[in-house]
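A look at the structure
Listed here are the chains, written in short residue letters.
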Amino acid sequence: MADKQISLPAKLINGGIAGLIGVTCVFPIDLAKTRLQNQQNGSRLYTSMSDCLIKTIRSEGYFGMYRGAAVNLTLVTPEKAIKLAANDFFRFHLSKDGQKLTLLKEMLAGCGAGTCQVIVTTPMEMLKIQLQDAGRIGETDEREVGIGREAAQRKLMPETVTPGGPVEVKSPTAIQLTRELLRDKGIAGLYKGLGATLLRDVPFSVIYFPLFANLNNLGRRGADGPAPFYVSFLSGCVAGSTAAVAVNPVDVIKTRLQSLTRGSQEDTYSGVTDCISKILKNEGPAAFLKGAYCRALVIAPLFGIAQVVYFLGVGEFILSFLPKREN
């Protein structure tokens, strides 16, 4: 990815397209990850990723696996745009006379990009998690309290009364959740879990960027030649999944902190340290690895798809149809 000289507009297009395709392909696995991470020992509903997806389809239908996908599809392009533009900015200011960046400077550029990215990532994940977890909460309350499924989900979802008919239970939309958060807590409501998001995304960049660069360099053709496409593809998958699993404990904390609604028997948390102590006390250290393999399965294809989009030069192809500015 780094071997070709690509203009910033082309990078933004490539990043946006890769994000849109990636979200569409792996979103059901991401939903399973969120639900697995959020369930606590006292209200365990799913035993594995496949069990979660099967139960989701049975209770919510096929499109239940795509709860919250619209939020990601809407915000993934500006998220990638900020990350790529920030990475270019930091790389430019860290380089000297066009010389190749050292490993440390590459890590610093990645950290800077990850830090800027959370401007969009935090509210995006905040809304996505509420939508993804709504079905799990309804299932949990139904099982624990013995109430019907519609009654359980009525606690979470707005109701529409049909004249002369039964109450229709509707899923909350991202716009409804945004309005509610802004009304009750202001802009800070959308940025709940910001610290945990930084603690996840910055270390992810520290691990991913240098690991990808070193793995990619192993497959170069000669000293100055580019790496073959399949080497870059595999390097992105390995580096992405490795970084994802490494920061999974922080991802569990972030998911728990950003979840606004819980089952009747589930713990609530006041902050990062409170979340860590309660998880260790009530669930043990293994709880920090909940959903780790799901997260690896989500991240690896995302970076693989990004490599395909960059290799095909989709951004440059689209820009070639735009009228060029004459000097």
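Residues numbered from 1 in each chain as written. Predicted model: local features only at pLDDT ≥ 70, side-chain atom pairs only at ≥ 80, totals over all residues. Heavy atoms only, no water.

Some words on the packing of helix 1 (residues 8-38) against helix 2 (residues 49-60)
Short version of the rule: To obtain each axis, a line is fitted to C-alpha atoms, and for helices this fit is confined to the stretch in contact; angles are then taken between N-to-C directions over 0 to 180 degrees. A run of H or I in DSSP becomes a helix once it reaches four residues, and a run of E becomes a strand once it reaches two; helices and strands are each numbered from the N terminus. Any angle that is under 35 degrees is reported as roughly parallel, and any over 145 degrees as roughly antiparallel; angles of 65 to 115 degrees are reported as roughly perpendicular and all others as oblique. Note on definitions: a residue-residue contact is assigned when non-hydrogen atoms from the two residues lie within 4.5 Å. For this classification, the nonpolar set comprises Ala, Val, Leu, Ile, Met, Phe, Trp, Tyr, Cys and Pro, the charged set comprises Asp, Glu, Lys and Arg, and every other residue, Gly included, is treated as polar.
With their axes 9 Å apart at the nearest point, helix 1 and helix 2 run at an angle of 100° to one another. The angle between the axes of helix 1 and helix 2 places the two elements in the roughly perpendicular class. Judged by residue contacts, Pro28, Ile29, Leu31, Ala32, Arg35 and Leu36 of helix 1 engage Met49, Cys52, Leu53, Thr56 and Glu60 from helix 2. Residue composition of the contact of helix 1 with helix 2, grouped by class: eight nonpolar, one polar and two charged.

Regarding the nonpolar core
Nonpolar side chains in soluble globular proteins tend to be buried together. Note the threshold: For the purposes of this section, nonpolar cores are sets of buried Ala, Val, Leu, Ile, Met, Phe, Trp, Tyr and Cys residues that join through side-chain atoms within 4.5 Å. Exposure is judged per residue with a 1.4 Å probe applied to protein chains only, and the accessible area is read against the type maximum: over 50% gives exposed, under 20% gives buried, and values in between give partly exposed.
Ranked by size, the top nonpolar core spans twelve residues in total: Val26, Ile29, Ala32, Leu36, Leu45, Tyr46, Met49, Cys52, Leu53, Met65, Cys294 and Val298. Of all the secondary-structure elements, those providing two or more residues to this core are helix 1, helix 2 and helix 11 (292-312). Per-element tally for this core: the top contributor is helix 1, with four residues. Those residues in contact with Met65 that sit more than four places away from it in its chain are Phe27, Pro28, Leu31, Leu53, Thr56 and Ile57.

Some details on the confidence of the model for the protein
One rule of thumb: low pLDDT means the predicted coordinates there are not for detailed reading. What counts is decided by this rule: A residue's pLDDT is the confidence the predictor assigns to it, expressed on a 0 to 100 scale.
Per-residue pLDDT for the protein has a mean of 82; in total, 84% of the residues score no lower than 70. Mean pLDDT across the secondary structure elements of the protein bottoms out at strand 2 (residues 167-169), with 42, and peaks at helix 9 (residues 248-258), with 95. Under a pLDDT of 50 for its full length, residues 147-169 has, in the predicted model, 48 contacts with residues more than four places off or in other chains.

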